Amino acid sequence: MMDGQDKRSTQLVLPLGLTYEPQHKDIIKQHWNVTFARQGRMSVAAKRIMARVIDQIRDDDFKLRPYYQFRIVDIITDAGIAKETAYKEVQGALRELTAATWEFESLDGSEWYIRHLLDTTNYQRPVGYKDGIITVLLNPALEPYFLQIAHYTKYQLNNYMSLKSWYSMRFFEILSAFRDTGVWCPTVEQYRQLMDCWHEKDKRGKIKKGKDGTPKMKYPLTKDLIKYTIAEPLEELAGTNLAFSYEPVYETDRLTRGRKKITGFRFTLQRKQDGKIPEYWLQNTLVSRVVAGLRSWKVLDRNIALYLEDIGTEAANKMIYEWQLKENTDDRINDRVKYCNAVFVRMGKATQERLKHEVQSVS
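Residues numbered from 1 in each chain as written. Predicted model: local features only at pLDDT ≥ 70, side-chain atom pairs only at ≥ 80, totals over all residues. Heavy atoms only, no water.

Asker: Whenever I open this one, the packing of aromatic side chains confuses me. Can you help?
Answerer: Working definition: an aromatic ring pair is given by the centre-to-centre distance plus the angle between the planes. Under the defined criterion, the tally for this structure stands at 16 aromatic pairs. Relative to F244, the ring of F171 lies with its centre 4.9 Å away and its plane at 5°, an arrangement referred to as stacked. With F171 in helix α8 (residues 166–176) and F244 in strand β9 (residues 244–250), the pair connects residues that are 73 residues apart, well separated along the chain. Both residues of the pair, F171 and F244, count as buried. One cation-aromatic arrangement involves R125 over Y67; the distance from NZ or CZ to the ring centre is 3.9 Å. One Lys or Arg, R336, reaches over the ring of W297 and ends 3.7 Å from the middle of that ring. (Phe/Tyr/Trp six-rings, centres within 6.5 Å; stacked < 30°, edge-to-face > 60°. Helix = DSSP H or I, 4+ residues; strand = E, 2+ residues; numbered from the N terminus. Buried < 20%, exposed > 50% of the residue type's maximum accessible area, 1.4 Å probe, protein only. Lys NZ or Arg CZ within 6 Å of the ring centre and 35° of its normal.)

Asker: Looking at this model, I keep getting lost on helix α3 (residues 44–54). Mind explaining?
Answerer: Residues separated by three or four positions in an α-helix point in the same direction, a consequence of the helix having 3.6 residues per turn. Burial within α3 is extensive, with 11 of its 11 residues counted as buried. Along α3, the residues classified as buried are V44, A45, A46, K47, R48, I49, M50, A51, R52, V53 and I54.

Asker: Whenever I open this one, the environment of V136 confuses me. Can you help?
Answerer: Mapped onto the fold, V136 is located in strand β6 (residues 133–136). C-alpha separation for the pair V136 and T120, spaced 16 residues apart in sequence, amounts to 9.2 Å.

Asker: Any chance you could explain the sheet that holds strand β2 (residues 68–71) here in plain terms?
Answerer: Within a sheet, neighbouring strands are paired by backbone hydrogen bonds and run either parallel or antiparallel to one another. What the three strands build is an open sheet, ordered β2-β6-β5; its pairing is antiparallel. The open sheet has two edge strands with one neighbour each: β2 and β5 (128–130). Averaged over all neighbouring strand pairs, the angle between strand axes comes to 20°, with direction disregarded. Against the sheet, α3 contacts β2 and β6, and its axis sits at roughly 115° relative to β2. (Pairing = 2+ DSSP bridges. Axes fitted to C-alpha atoms, helices over the stretch in contact; angles between N-to-C directions. Contact = heavy atoms within 4.5 Å.)

Functional significance is not addressed by these values, which are geometric in nature.
If you want it as structure tokens, here you go:
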């Protein structure tokens, strides 16, 4: 028995070459609990790898793939990563991801558990890299957070993959959840937690303390927090549809004299809803087909531009199909402009209100 185990342990198992052709999407859907989790800072390459995994998960998937693969070029193009150093970048990023964990706690604090993000227990198919192909196995225990996502934020992958700062990526993910209101107003404490600038902890999860007994944290001075975590995203996102401005929020009640303390931030998206369908939508085959279908039912462009992203292409297609079924019945739609726009707008507003409520409760 021991001989068999020794023989098996000496066998080198490498990731196989590409076994399927990855189909990437232009839009990423990410679970609210992931977007608003207290994520530990990781490399930009690690964030890009996860984006390339998540963008292969389809709305109608009922199980995770046994493994996800993609070409290394998919994470280094337009990313400022030189081909000469790409292999080391991938190695380092995969080390980070295999060490990454998600922590879960019930509202009453009675339950707490921890799970790894990736699965490294599969002997036949390990997480790794070979011949320009990256192979990633998601932890199957986290399947509910990747499939059938009911509470999600969406962001455009092309713009996201061109960002070169972890802070910019976090801003991109979070601000994407506030496209409908155009405003994100976290407290300083909430902001610190989301940007991994909260209390520092040791390996056992115990908060580290300074000589004066106060908890240690990254950028303890608010002016440094602003300088090192907001300035770069402001610049990097300036050329995207998530360009934003910000202003500090000061305390309103102060019993003593002195400069008012900053208690929060107000981030405002600069892009205004102009009622026009974005050009990049029409360049996507699936989205352009849905837009054409909605137009054929006289749904106005301004309504499509305002609500389609939140309704989603799958639900919009189902809506169109239901309208088509009515054609040969006594319930035929006589006034498409009035009826179809009313149904579409009602669903869009209901979805936005639900998502707004959910993001506020999570954040």
